[in-house]
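# Coordinates in review
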Amino acid sequence: MNFLRGVMKGQPAGPQPSGTETIQKLCDRVASSTLLEDRRDAVRALKALSKKYRLEVASQAMGHLIHILQTDSSDSEIIGYALDTLYNIISNDEEEEQDENGQKQADDLGCQFTGIFIKEQENVTLLLSLLEEFDFHVRWPGVKLLTALLKNQCSQVQAVILVSPMGVSRLMDLLADSREVIRNDGLLLLQHLTKGNAAIQKIVAFENAFERLLDIVTEEGNSDGGIVVEDCLLLLLNLLKNNSSNQNFFKEGSYIQRMKPWFEVGDENSGWSAQKVTNLHLMLQLVRVMVSPVNPPGATSSCQKSMYHCGLLQQLCGILMATGVPADILTETINTVSEVIRGSQVNQDYFASVNAPSNPPRPAIVVLLMSMVNEKQPFVLRCAVLYCFQCFLYKNQKGQGEIVATLLPSTIDANSISAGQLLCGGLFSTDSVSNWCAAVALAHALQDNLTQKEQLLRVQLATSLGNPPVSLLQQCTNILSQGSKVQTRIGLLMLLCTWINNCPIAVTHFLLNQANIPFLTGQISENLGEDEQLVQGLCALLLGICVYYNDNSLENYTKEKLKQLIQKRIGKENFVEKLGSNCKHELYSRAAQKPQPIFSSPEQMLFDHEFTKLVKELEAVITKAVHKSSEEEKKEEEVKKTLEQHDSIVTQYKELIREQDAQINELKTQVSSMKTQNEQLQASLTQQLSQIQQHKDQYNVLKIKLGKDSQQHDALGEEAQVNGVQSEELSRLQEELEELKKQHGLLQGQLTEKDSLIEKMKSEGAYPVERIAGTSENNAELQEELETLRAQVQFQSAEISQLQAEREELLKKAATLAVSAPGNTDSAAATARITELEKRLSEVTVETEKIKDEGKMWSDSKAALEQQVATANRSVAILQNEKSKLQQEVAESKKEQDDLLMLLADQDQKILTLKEKLKELGEPIEEDDDLDCRDQYDDDEDEEDD
């Protein structure tokens, strides 16, 4: 301890030890001390010396410090000192006010010490295990040390952590620490951990990183938050950039919707702090990462839809049109909106409907174009507006048509400023940047749209008073030939190439100007400086398009004549060389990489991204077209015509086949409908035939009846005329007799049903009825009632038969009386008999009703009897169940009794054996006991037999 006090406070006299000697003594103390306090004091002293004597402490004490981490993990204080010492050795952040060479040397030392530490992977695993310790003095220095290791040798440390069990999960737990300093340093650690490693990025994302980071951003105040928000956003950028898996997970987890509150800046724009500007920059970059053009098209489209539906696009457009927004935030917002709407028809339509809060309101596109063609605006802002306009027109033929329509004479409004007017103004202004931007913007309005290329040929411009208007195409070529700036000419040449490409009508309009071809050949054939080489290459491209898409409608400028002109004035090899010089330029290669126009200075603004695609596409076909001879051209034209004829024939046949297919499908439909109708008609016909047959049968029956009735009617009519008896009475009597017949038939049917029911009941319930005969006293009574009903029914049937016989006799008498005189006594007797018959019929009817009532009562009695039978059956089932249970109990009791008897027999046998032994030993035995036992055994056996 005195030694340590001397080290820390210094000795009053004598020579002072050097730093190396002191460190050596401290290392010996750490290695040899048995007391924990001594080791702790020595490590504390090494920590104090580690910043000043970094190299010495690292070279002598690193092994001892690692050993302390392994052996003294139970003491948090000494572990904290050891971790702080290692951090001071490895970290390069503590070096201050060093020159460039000194800083580079310090960085090299940090990398070397990091390599020594991670050479043994167990050291990194040990450090990860120490991070699980909740003690602040262990966890915080551990986080800082691991962050320093990642800074110095990121990929090597990432590889070790990736293979460590639960390594990434332990680090993710730092975000949930309640101590802000550890949570914030944990964010820095995860930033370095996720840098450039897709595997770790996926693991971190699936450890619920998005949820935790977005919660922290919300807690810290979104864009108004501090440096912690910036750290969270940087970590989110690491997880999402160039990682399609994490981007899809972010979208599927509905985290895009949680980005909307970030951009609620409101109208109070006076408080734009530097931190808020930084935070918003990172937030806008996160949105762009999700909809970047380099992402898979499907993923980008899905994110664009989500941003529109959740209102994020509306929020961004609100910032776009707000006042007081800093220029750099406005520029980045324009770029973000550009990529959110790029290629998405719904988003492009919404953007077209956005108006600026001006008086009168103007479309946002017009306001942005005003900034683009204004040379006083910042250059990066103008590039952003151009990118936004390009993204608005990308794969948007509807938007292209609306822009071109603002240039047509029929749609020009003198009282308002349109997008077309601004583009024309920028195209012909004195500012070369405005010329280039307007030309490129107008070229995007014509991209892959033949209709708008033809429409733009109609545009006429008024140059000056007294002079006739000229076409837009003519004005562009006039400015091109006047020798303006290189940037302006390149922009106009790109516009012309895009315009006449794949549009023979535009090529013809271009060739109608007699000065255009000489100008192009003159530009290509001259030997100009480097700045003019790009102009020569684009002139060669424009001339090549005139050759390739020439329809030979102009006699002076056919394909063959243009090729001859190139051969004579330029030379085919020279022409092809000039044509290929475009792709070799450095600025061409830069523009071909990304759709966004990014230029470090206005002078580098020469090539457009979409135009580089066109150059690459046309270079080969133009070269081939120029080298072809006239004979090859003719052959190709003949082959082309033949192919066109074949194509037309094939097209005709295809159309014919389509028509025939349509007709066949229509006929099939008609056949199926006719089949259905035929089936329906067949069914209806069958039904009608059956009905007709029924009607025929009924007709025949009626005809027979009518024949009989007519005979009876004639006889009764004559009788009525002779005897004065009315025919109505006879017909009424006949109807009553028919009713009696019907009632008789009903009674017979009821009787038959009752007989069948009785037989069925007897057959089904014979056994139960016999079983319950002793308990049911109603069976005999029911049988007697049944027999009585049968007798009554038979009696009624006899009476009805007698009445029918009497009716027949009356009819005979009526027939015989037809020739008798009025007042005959037989007629009076017949009338009296009929009256008596009616009376009897009424009585029979009353009795029949009584029989019906009694039949109903019998049915009720039968139902009650069936219920009693069912109850008896259930009782029998219960009794049978109880009987089976009793039988089972008897069997069990008998078995137990047999067991007892066996035990008694064994016991008796043992007693006999013991008595025999007692006899042998000479002991006296009472014979009565022996006999009693045997008698008892015999009695038990007798009971068992009984």
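Residues numbered from 1 in each chain as written. Predicted model: local features only at pLDDT ≥ 70, side-chain atom pairs only at ≥ 80, totals over all residues. Heavy atoms only, no water.

## What to know about the overall build of the protein
Scanning the protein from N- to C-terminus turns up 40 helices and four strands. Looking at the 946 residues of the protein, the share that counts as buried comes to 41%. In the protein, of all internal contacts separated by at least 6 residues, the share reaching a separation of at least 24 is 71%. For the protein, the computed accessible surface area is about 52,200 Å², with 51% contributed by carbon and sulfur atoms. (Helix = DSSP H or I, 4+ residues; strand = E, 2+ residues; numbered from the N terminus. Buried < 20%, exposed > 50% of the residue type's maximum accessible area, 1.4 Å probe, protein only. Contact = heavy atoms within 4.5 Å. Areas by Shrake-Rupley, 256 points an atom, 1.4 Å probe, with all protein chains shown as cover.)

## A closer look at the packing of helix α12 (residues 198-206) against helix α15 (residues 244-252)
At a closest axis distance of 9 Å, the pairing of α12 and α15 adopts a crossing angle of 15°. Our classification of the angle between α12 and α15 gives roughly parallel. Helix-helix and strand crossings are classified by hand; for α12 and α15 the assignment is left-handed. Of the residues in α15, those in contact with Gln201, Lys202, Ala205 and Phe206 of α12 are Ser245, Asn246 and Phe249. The residue inventory of the contact of α12 with α15, partitioned by class, reads three nonpolar, three polar and one charged. (Axes fitted to C-alpha atoms, helices over the stretch in contact; angles between N-to-C directions. Parallel < 35°, antiparallel > 145°, perpendicular 65-115°, else oblique. Left-handed = near helix turned anticlockwise from the far one by under 90°. Nonpolar A, V, L, I, M, F, W, Y, C, P; charged D, E, K, R; others polar.)

## Comments concerning the packing of helix α7 (residues 121-130) against helix α9 (residues 154-163)
The N-to-C vectors of α7 and α9 enclose an angle of 65°; their axes lie 10 Å apart at closest approach. Considered as vectors, α7 and α9 are oriented roughly perpendicular to each other. For α7 against α9, the interelement crossing comes out right-handed. Within the contact between the two elements, α7 uses Gln121, Val124 and Leu128 and α9 uses Val160, Ile161 and Val163. In terms of residue class, the contact of α7 with α9 is built from five nonpolar, one polar and no charged.

## Some words on empty space enclosed by the protein
Here the structure, examined in full by the defined rule, presents five cavities of 30 Å³ or more. When its volume is computed, the second largest cavity comes out at roughly 70 Å³. Looking at the lining of the second largest cavity, the elements with two or more residues in it are α22 (379-393) and α35 (609-627). The element contributing the most residues to the lining of the second largest cavity is α22, with three residues. For the lining of the second largest cavity, a count of residues per class yields four nonpolar, three polar and three charged. (1 Å grid on protein atoms, 1.4 Å probe; cavity = no way out; pocket = protein on both sides within 12 Å on 5 of 7 lines; lining within 4 Å. Points joined across faces, edges and corners; volume = space filled by probe spheres on them.)

## Focus: unusual backbone geometry
The phi angle at Asn208 is positive, at roughly 70°, despite the residue not being glycine. Note on placement: Asn208 falls in the loop between α12 and α13 (209-219). You can call Asn208 partly exposed: its relative accessible area is 37%. Phi at Lys395 is positive, roughly 55°, even though this residue is not glycine. Note on Lys395: relative accessible area 65%, which makes it exposed.

## Structural notes on a nonpolar patch on the surface
On the surface, Ile649, Tyr653, Leu656 and Ile657 cluster together to form a nonpolar patch covering roughly 380 Å² of accessible area. When you line up the elements, Ile657 lands in helix α36 (residues 630-723). For Ile657, a relative accessible area of 45% corresponds to the partly exposed category. (Patch = residues over 30% accessible without salt bridge, like charges linked within 9 Å, V, L, I, M, F, W, Y side chains within 5 Å. Salt bridge = Lys/Arg side-chain N within 4 Å of Asp/Glu carboxyl O.)

## Digging into the nonpolar core
Among the nonpolar cores identified, the biggest contains 209 residues, and Leu146, Leu171, Trp262, Phe263, Phe351 and Phe575 are the most heavily contacted of them. Once residues within four sequence positions are removed from consideration, Phe263 is found in contact with Leu280, Met283, Leu284, Val287, Leu312, Gln315, Leu316 and Ile319. (Core = buried A, V, L, I, M, F, W, Y, C linked by side-chain atoms within 4.5 Å.)

## A look at helix α4 (residues 54-71)
Taking 1.5 Å of rise per residue, 18 residues should cover 26 Å, and α4 covers 24 Å from first to last C-alpha, within 8% of that figure. If you look at α4, its biggest bend is around 60°, right at Ala61. Looking only at α4, the buried set comprises Arg54, Val57, Ala58, Ala61, Met62, Leu65, Ile66, Ile68 and Leu69. (Expected span 1.5 Å × (residues − 1). Bend = angle between axes of the 7 residues up to and from the residue.)

## Quick notes on a negative patch on the surface
Taken together, the side chains of Glu889, Glu892, Glu896 and Asp899 present a region of like negative charge at the surface. The class for Glu896 is exposed, based on a relative accessible area of 51%. (Lys, Arg positive; Asp, Glu negative; His and termini not counted. Charge placed at Lys NZ, Arg CZ, Asp CG, Glu CD.)

## Regarding the packing of aromatic side chains
One pass over the structure, following the stated rule, counts 11 aromatic pairs. Seen from their ring centres, Phe210 and Phe249 are 5.8 Å apart, and the 35° between their planes marks the pair as tilted. Of this pair, Phe210 sits in helix α13 while Phe249 sits in helix α15, placing them 39 residues apart in sequence. Phe210 gets classed as buried once you look at its relative accessible area, which sits at 1%. One aromatic cluster is present, formed by Phe206, Phe210, Phe249, Phe250 and Tyr255 through successive ring pairs. One Lys or Arg, Lys144, reaches over the ring of Trp140 and ends 4.0 Å from the middle of that ring. Over the ring of Phe134 we find Arg179, and its NZ or CZ is 3.9 Å from the ring centre. (Phe/Tyr/Trp six-rings, centres within 6.5 Å; stacked < 30°, edge-to-face > 60°. Lys NZ or Arg CZ within 6 Å of the ring centre and 35° of its normal.)

## Topic: the side chain of Thr336
Within the fold, Thr336 resides in helix α19 (residues 327-341). Among the polar contacts listed, one links the side chain of Thr336 to the backbone oxygen of Glu332, at a separation of 2.7 Å. For Thr336, the residues in contact, after removing those within four places along its chain, are Leu284, Val287, Arg288 and Leu316. (Polar contact = N/O pair within 3.5 Å; in protein donor to acceptor, adjacent residues only side chain to side chain.)

## Brief notes about the environment of Leu109
Relative to the helices and strands, Leu109 resides in helix α6 (residues 100-118). Here the alpha-carbon distance between Leu109 and Ser91, two residues 18 residues apart in the chain, equals 9.1 Å. Here Leu109 is in contact with Arg54 and Leu55, once residues within four sequence places are set aside.

## Points about helix α5 (residues 76-90)
Its 15 residues place the ends of α5 21 Å apart at the C-alpha level, agreeing with the 21 Å of an ideal helix rising 1.5 Å per residue. Across the 15 residues that make up α5, a large majority, 13, are buried.

## Observations concerning the environment of Asn88
Take Asn88: it is sitting in helix α5. With relative accessibility at 9%, the residue Asn88 sits in the buried group. Sequence-distant contacts of Asn88, defined by excluding residues within four places in its chain, comprise Lys47, Ser50, Lys51 and Arg54.

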